Amino acid sequence: MYAAAAYLFLYAPLAVLSVFSFNASKVAMWRGFSWEWYRSVFHNEALLEATINSLIIATVATIISTAIGTLAGYALWKKRFPLLTNSLYLSLVTPEIVTGVSLLAFFEWSFRFLHVQLGMHTVILAHISFCLAYVVIVILARLRTFDPALEEAGLDLGANEWQVFWRVTIPILLPGIVAAALLCFTVSFDDYVITSLVAGVNSETLPMRIYAMARKGVSPDVNALSLMITAGLGVFILLAGRLERR
Amino acid sequence: MCSGESKTNYQFPGTKVGRLRAVFVAPSATVMAVLFFAPLLIIVAYSLLSRGPYGGVMHPWTPENYRRVFDPLYGQVLWRSIWIAGAATALCLILGFPLALYIARAKRHRTLLLNLVMLPFWTSFLIRIYAWMFLLRDTGLINTALQELHVISQPLPLLFNTGAVILGLVYGYLPFTVLPLYATLEKLDPELLDAAEDLGASPWSALWRVTVPLSRSGIIAGCLLVFIPCVGAYLTPDLMGGGKTVMAGNLVQNQFTTARDWPFGAAASLVLMLLVLAIMQILRRRSEELL
């Protein structure tokens, strides 16, 4: 009984929002079924541009932070680097707003010497910085179940250290790497606080757009968009999960 | 949040293995140094400077900004962040514990039930807040429905207050309490409860005197995972509080954007960060005492 109420609490708001994304009227009363808001989302230039920006940022940040985070996780598993470990944990518990303003101050300060401006690149750099800790933690968790004897066997059979890493460890670690990448992508795709602080003129992301629309008031476009994002992420996670199992 | 070293201290036999490791660590170490520590250092430096005439920073060095953070005016913002985060954490525990217990004791579909709790976490945080705004607004679903049914004539002030902020935080972070609680409750030996029953304990006192004390590490982990993001929350108080419930995160953001007083904002963000670290340290020590 209690559990049912708890699940209702978790899902009711999202369910209601999804149902009302098909509402024919702008007001919060059911006035019949309509695709109107879905159509209007697809004709909203700013929204489409923001979506593309978000996809680019999330993809680049995911690839880079997964790659370097996997390497770091592997190295940390073999040997302790307390400074790096502690700084990763510190970055994980630092409030987002603090990370955001410090990156903003840092970028503005360094632009005195480098003649560039805030934009997509600063957003990507910021995302790499906060995604890294997630990757290392997922990879380390995965490596705890990894048997080092497999690497020893590879070395005994004449492979060098790099070959062992590339041919033995990486394939076994792959599910963990996929999980880490997935986490990075969703965290990056969804981030508003840090992004809004370090974004420049031509780098508005989807969460920034949604924030602006949510602030303005009732906007059925957002209802439709919400369902699409939720469904999109759901399909993405399902696909990745299947890939991981294989 | 313990240290991340692994138990394996395996070494490659007699090879020059150190080199590859150093190479592997280098990119991440560089990223952390340039994109985490350098920005933090700049914030530390800024927090000790004064505000320039055009919103920049200038000399002389001064501790004035830190004194201002603890002024009654701003001190109350800090205090509000702590009690709102505390209230949200307590509510998450009260709501999350029975749910975790239910999942841990379910006969079937445990993984499914747990995944259902975690699933909303994978959807956008912004959208989850927006969903509540859609329900609670003056022109939202609840107020519109009640007006149509002639229960009320004026919309109820459901959104843009402290209660709404706490609701938003609880909704956002409830999964984070359920997960660690489930992890400890699942490991709990059911025979302990049988023993308690045999010795004459009522189910309620068995819960209170056996289950709860034994799941203390899960409770502490759950508290940490909720309190830390809540105390530094920005988005929830901003959207669901409508700018009326100002928390530390909003104060910092405002100093860096609208008010353009970067030195003061820098001092406020460092105080916020130290607060988070202090709370982590206190709770961690508590859980270590048990081990």
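The present account deals with the structure reproduced in this document. Predicted model, so just to flag it, every value in this text is computed and none were measured.

**Points about a negative patch on the surface**
Here comes step 1: A cluster of acidic side chains, namely Asp 189, Glu 191, Asp 194, Glu 197 and Asp 198 of chain B, defines a negative patch on the protein surface.
Here comes step 2: Looking at the element boundaries, Asp 189 of chain B is found in the loop between α7 (162-187) and α8 (190-198).

**Description of the packing of helix α3 (residues 45-78) of chain A against helix α6 (residues 120-143) of chain A**
Residue and element names in this part refer to chain A.
Here comes step 1: Remark: α3 packs on α6, axes separated minimally by 6 Å, with the N-to-C direction vectors making an angle of 40°. It follows that α3 is oblique to α6 by the angle criterion. The way α3 lies across α6 gives a crossing that is right-handed.
Here comes step 2: In terms of residue class, the contact of α3 with α6 is built from 21 nonpolar, seven polar and no charged.

**Quick look at a nonpolar patch on the surface**
Residue and element names in this part refer to chain A.
Here comes step 1: Taken together, the side chains of Ile 52, Ile 56, Val 60, Ile 63 and Ile 64 present a nonpolar region at the surface, about 410 Å² in accessible area.
Here comes step 2: For Ile 63, the position within the fold is in helix α3.
Here comes step 3: The exposure class assigned to Ile 63 is exposed, which follows from its relative accessible area of 56%.

**Overview of the nonpolar core**
As a rule of thumb, nonpolar side chains are buried together in soluble globular proteins.
Here comes step 1: Judged by nonpolar contacts, the single largest core of 165 residues is most densely connected at Ile 103 and Leu 235 of chain B.
Here comes step 2: It is helix α13 (residues 262-290) of chain B that contributes the most residues to this core, 14 residues altogether.
Here comes step 3: What Ile 103 of chain B contacts, discounting residues up to four positions off in sequence, is Tyr 7 of chain A together with Arg 110, Leu 113, Leu 114, Val 117, Val 178 and Tyr 182 of chain B.

**With respect to the interface of chain A and chain B**
Here comes step 1: Each partner contributes residues to the interface: chain A has 82 residues there, and chain B has 88 residues.
Here comes step 2: Overall, the association of chain A and chain B removes approximately 7,900 Å² of surface from exposure, summing both partners, and the carbon and sulfur fraction of that is 77%.
Here comes step 3: If you sort the residues of chain A by the area they bury against chain B, Tyr 7, Phe 9 and Leu 10 of chain A come out on top, with a joint share of 8%.
Here comes step 4: At the surface where chain A touches chain B, the tally comes to one salt bridge.
Here comes step 5: A salt bridge links Arg 215 of chain A to Asp 238 of chain B, with the nearest nitrogen and oxygen atoms 3.6 Å apart.
Here comes step 6: Inspection of the chain A/chain B interface yields ten residue pairs in polar contact (both at pLDDT 80 or more).

Parameters at a glance
- The numbering scheme is per chain: residues are counted from 1 as the chain's sequence reads.
- Whichever chain is written first is A, and whichever ligand is written first is 1; the rest continue in order.
- With pLDDT at 70 or above as the cut-off, local features in this predicted model cover only qualifying residues; side-chain atom pairs require 80 or more to be listed or tallied, and sums for whole chains, interfaces and linings still use all residues.
- Only hydrogens and water are removed before side-chain values are computed, so all heavy atoms of the structure are retained for them.
- Surface patches are drawn from residues lacking salt bridges whose relative accessible area is over 30%; two like charges belong together within 9 Å, two nonpolar side chains (Val, Leu, Ile, Met, Phe, Trp, Tyr) within 5 Å.
- Methods summary: accessible areas were calculated by the Shrake-Rupley approach with a probe of 1.4 Å, and residue burial reflects only the protein chains presented.
- Only one rule defines a salt bridge in this text: a Lys or Arg side-chain nitrogen within 4 Å of an Asp or Glu carboxyl oxygen.
- Positive: Lys, Arg. Negative: Asp, Glu. His and the chain ends are not part of the count.
- Throughout, a charge is located at the NZ atom of Lys, the CZ atom of Arg, the CG atom of Asp or the CD atom of Glu.
- Put simply, DSSP H or I for four residues or longer makes a helix, DSSP E for two residues or longer makes a strand, and each gets a number counted from the N terminus.
- Orientation is described by lines fitted to C-alpha atoms, with helices fitted over the stretch in contact, and by angles between N-to-C directions that extend from 0 to 180 degrees.
- For classification purposes, angles smaller than 35 degrees are called roughly parallel, those larger than 145 roughly antiparallel, those between 65 and 115 roughly perpendicular, and all remaining angles oblique.
- Crossing handedness is read from the near helix: turned anticlockwise from the far helix by less than a right angle, it gives a left-handed crossing, and turned clockwise, a right-handed one.
- Each residue gets one of three labels, nonpolar for Ala, Val, Leu, Ile, Met, Phe, Trp, Tyr, Cys and Pro, charged for Asp, Glu, Lys and Arg, and polar for the others, Gly among them.
- Here the term buried applies to any residue with accessible area under 20% of the maximum for its type, exposed to any over 50%, and partly exposed to those in between, with areas from a 1.4 Å probe on protein chains only.
- Take the buried Ala, Val, Leu, Ile, Met, Phe, Trp, Tyr and Cys residues and link them wherever side-chain atoms come within 4.5 Å; each set so joined is a nonpolar core.
- Throughout, a contact is declared for two residues whenever any of their heavy atoms are within 4.5 Å.
- Here the buried area means the combined drop in accessible surface, using a 1.4 Å probe, for two parts upon being joined, counting both sides.
- Here a polar contact is taken to be a pair of N or O atoms separated by no more than 3.5 Å, where protein atoms must pair a possible hydrogen donor with a possible acceptor and residues adjacent in sequence count only if both atoms sit in side chains.

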